[in-house]
Amino acid sequence: MINIESATNEPFRFSLTLHNTTFSRQLYELKAELPVGWQMSSRVDGSTVTSLNLEVGQSREIALEITATSNAKVGKYIIPFKAVSPAQTLSVALEAVVKGNYAAIIATPSGRLSEELTSGSHKDIELEVRNSGTLPLQNLEVTSQLPSGWETSFEPAKIEKLEAGKTRRVKVLLKVPDKTIAGDYAATFNLASNNVSSQAAFRIFIKTSLLSGWIGVLVILVALGCVYALIRKYGRR
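Rules used in this analysis
- Residues numbered from 1 in each chain as written.
- Predicted model: local features only at pLDDT ≥ 70, side-chain atom pairs only at ≥ 80, totals over all residues.
- Heavy atoms only, no water.
- Buried < 20%, exposed > 50% of the residue type's maximum accessible area, 1.4 Å probe, protein only.
- Helix = DSSP H or I, 4+ residues; strand = E, 2+ residues; numbered from the N terminus.
- Pairing = 2+ DSSP bridges.
- Salt bridge = Lys/Arg side-chain N within 4 Å of Asp/Glu carboxyl O.
- Axes fitted to C-alpha atoms, helices over the stretch in contact; angles between N-to-C directions.

This next bit is on the pairing of strand β18 (residues 197-207). Here β18 shows a clear split, with S198, A200, F202, I204 and I206 buried on one side and none of S197, Q199, A201, R203, F205 and K207 buried on the other. Alignment of strand β17 (residues 183-192) against β18, held across 10 bridges, turns out to be antiparallel. By the bridge assignment for β18, A187 is matched with F202. Counting the residues in the hairpin turn of β17 and β18 gives 4 residues.

So this is what it looks like as structure tokens:
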């Protein structure tokens, strides 16, 4: 019996050797008795196959991948695997041990995924990382995808370990460059490790700063004043 442990969202990978011990060339059909909903693929030299031709005394390596359903219960599953030809049937028992599942969510404590900033300003955004699976997660890293010129820093930038069902807060300092045009922008915060990935898509609305607004008003007033002075000066002639 060959035993492999894995999570439900990761395939069970078995390596088998098929050897033709008969006195003639054989075409072997590859079969497995899988639990309902499970999937299997078999590869030889990188190509997916469902059957295999072997000459007398020939051996070939088979890479077998079995994927459990996402709701498979924790426990041991015995999977009979057979290579069947007209002359013989070769069988082996595969033991797939489901140890749980990996899952994670990145969001905000309030669920709000929008913010307002002014051009040239910065803001603290609080994110919440939750282990929504049944297995511990390790080395969770938070990154961002931002408009050109924008900057972020994270505290912490990496979570070394997060147990199942637990949450961790991450503080994000978001900086918007000067002269950013007012409008709607998209910012995405990504969570990733070897086992999971998740993202939170934010809508960021950039407003014109109050100082910029007053400067604009002042420029307009000065321009109007100049036009009025020119009209008075040359309008009398």
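And the narrative resumes.
Turning to unusual backbone geometry, a few remarks are in order. In this structure, the amide linkage connecting E155 to the following residue, P156, adopts the cis form with an omega of -5°. One can find P156 in the loop between β14 (151-155) and β15 (158-162). The backbone of D45 shows a phi angle near 55°, a positive value even though the residue is not glycine. With respect to the element layout, D45 can be found in the loop between β4 (39-44) and β5 (47-49). At K179, a residue that is not glycine, the phi angle is positive and equals roughly 65°. Turning to its location among the elements, K179 is positioned in the loop between β16 (167-175) and β17.

What follows deals with the pattern of salt bridges. Two side chains of opposite charge can pair, provided their charged atoms sit close to one another. This structure, assessed with the given rule, holds 10 salt bridges. Ionic pairing is found between R60 and D45, a salt bridge with its closest N-O pair at 2.6 Å. Remark: D45 occurs in the loop between β4 and β5 and R60 occurs in strand β7 (residues 59-67); sequence separation between them is 15 residues. A relative accessible area of 22% places R60 in the partly exposed class.

Bringing the sheet that holds strand β13 (residues 137-145) into the picture now. The pairing of strands in a sheet happens through backbone hydrogen bonds and is either parallel or antiparallel. Ordered by their spatial adjacency, 5 strands build an open sheet running β11-β18-β17-β13-β15, and the pairing between neighbours is mixed. This sheet does not close on itself; its edge strands, each paired only once, are β11 (114-118) and β15. With direction set aside, neighbouring strand axes in the sheet form an average angle of 30°. Across 4 bridges, β13 lies against β15 in antiparallel orientation. Across the sheet, L140 pairs through a bridge with I159, a residue of β15.

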